[in-house]
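Summary of structural features
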Amino acid sequence: MKKYTNIKDISNLQETIREAILLKMDPFALQDLGKNKTLVMLFFNASLRTRLSTEKAAKNLGMNVMVLNVNDAWNLEFEDGTIMNANASEHIKEAAQVISQYADVIAVRAFPSLTDKQKDESEFVLQSFIKYATVPIVNMESATAHPLQALTDAITITELSEKPKPKVVLSWAPHPKALPQAVANSFVEIMQNMDVDLTITHPKGYELSKAITKNTSINHNQEEALKNADFVYVKNWSSYKDYGKVLNQDQNWMMTKAKLGSAKFMHCLPVRRNVVVEDAVLDSENSVVIKQANNRTFAAQIVLQQILENHLK
Ligand code: CP
């Protein structure tokens, strides 16, 4: 693996999942692999899980870790040829090359604006780092993708599935704020590469990009979609068509114990209790969100391991 900015960077998903699960037996086995290597993590946006699990993963591999909240540094300019007489003090061309001298791997979190679809879809922050940095880049959630979360979710379903081909439902849920489509996009993409029966359910107007969903089954009737589900992944996202808009806050879409039945409940977290999902689900045995969050470490660790093994030798 030369970078991990999209799930397409995984060359063998089943093998990667298997290796990630094996890491749990001895997370410190490859302490020498990362010795004298440095991971620099750059956060343009807040994080709890991604920040801590990725740092833990890197340290499990013996790496040094440096974290920069980019908003505490100079404002960066991403446009080419701009006259920089406004807020931005430093151009990404210099910044990415300078950071590359301190890092062996750079990980970046940069959310979308949700106001400019074209600009968000260009992934200009992530793509600028890919273009100007001289070391591998890891995506810690970009405008349109959250591949570390998706790999985590694939690991979690593989570990917990009691069937060779489980039914997995991605169910939209209400939320007061406009949230990105990134988690849903990457979850759909990785599930399309797994041996699962995948259905997406959401109110009309919340269709994800057709480039993501392709031929995946979409059912606007949540009750029908949830029938016989083994895993229910609940997530809010704002409208893709009416870009970044909150079109619906219908609480009837909140996940309840009655709707969930015997299925396992998944969510990437953070989650708003009794808005997205009721307490009775999160506090039940059916909820696997804490195990899921634990798998963030092993998803990040297998990605960093593959980068260190294949690219940094
Ligand atoms: N799921 C996830 O990415 O969590 P954080 O935003 O806390 O990193």
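1. Quick look at the pattern of salt bridges
- Across all of its chains, the model carries 12 salt bridges by this definition.
- Residues Asp-9 and Lys-3 are paired through a salt bridge, measuring 3.1 Å at the closest nitrogen-oxygen approach.
- Here Glu-162 ties to Lys-264 by a salt bridge, and the two come within 3.6 Å at their closest N and O atoms. One end of the pair, Glu-162, is in the loop between helix H6 (147-160) and strand E7 (167-172); the other, Lys-264, is in strand E11 (residues 264-266), and 102 residues separate them in sequence.
- Each of Arg-273, Asp-279 and Asp-283 takes part in salt bridges that share partners, so that together they form one network.

2. Some points on the domain arrangement of the protein
- Partitioning the protein into structural domains gives domain 1 (7-145 + 296-311) and domain 2 (147-292).
- Computed from C-alpha coordinates alone, the two centres of domain 1 and domain 2 are separated by 25 Å.
- With 33 residues of domain 1 at the contact, the number on the domain 2 side is 31 residues.
- Roughly 2500 Å² is buried in total at the junction of domain 1 and domain 2, and carbon and sulfur atoms are behind 67% of that figure.
- Of all residues in domain 1, Ile-7, Leu-114 and Arg-296 give up the largest surface area on contact with domain 2, accounting jointly for 28% of the area buried on that side.
- Taken together, domain 1 and domain 2 are joined by two salt bridges.
- Two residues, Glu-189 and Lys-8, come together in a salt bridge whose shortest N-O distance is 3.2 Å.
- There are eight residue pairs in polar contact (both at pLDDT 80 or more) connecting domain 1 and domain 2.

3. A look at the sheet that holds E11
- Taken together, the five strands give an open sheet; going across it, the order is E9-E8-E7-E10-E11, and neighbouring strands pair in parallel fashion. The open sheet has two edge strands, strand E9 (217-219) and E11, and neither has a second partner. Geometrically, the sheet is characterised by an average inter-axis angle of 25° between neighbouring strands, direction not taken into account.
- Summarising the sheet, strand E8 (residues 197-201) and E9 pair through three bridges and their orientation is parallel. When the bridges of E9 are listed, Thr-201 appears paired with Asn-219.
- Its contacts with the sheet put helix H7 (residues 182-191) on E7, E8 and strand E10 (231-235), and the angle it makes with E7 is roughly 165°.

4. What about the pairing of E10?
- In terms of burial, E10 is largely enclosed, as five of its five residues are buried.
- Neither face of E10 is open: one carries Phe-231, Tyr-233 and Lys-235, the other Val-232 and Val-234, and all of them are buried.
- Taken together, the five bridges between E7 and E10 define a ladder with parallel strand orientation. Bridge pairing in E10 places Val-169 opposite Val-232.
- Inspection of the sheet shows E10 paired to E11 by three bridges, in the parallel sense. The partner of Phe-231 across the bridge, within E11, is Lys-264.

The rules behind these values
- Residues numbered from 1 in each chain as written.
- Predicted model: local features only at pLDDT ≥ 70, side-chain atom pairs only at ≥ 80, totals over all residues.
- Heavy atoms only, no water.
- Salt bridge = Lys/Arg side-chain N within 4 Å of Asp/Glu carboxyl O.
- Helix = DSSP H or I, 4+ residues; strand = E, 2+ residues; numbered from the N terminus.
- Domains from an automatic or database assignment.
- Contact = heavy atoms within 4.5 Å.
- Buried area = accessible area lost by both parts, 1.4 Å probe.
- Polar contact = N/O pair within 3.5 Å; in protein donor to acceptor, adjacent residues only side chain to side chain.
- Pairing = 2+ DSSP bridges.
- Axes fitted to C-alpha atoms, helices over the stretch in contact; angles between N-to-C directions.
- Buried < 20%, exposed > 50% of the residue type's maximum accessible area, 1.4 Å probe, protein only.

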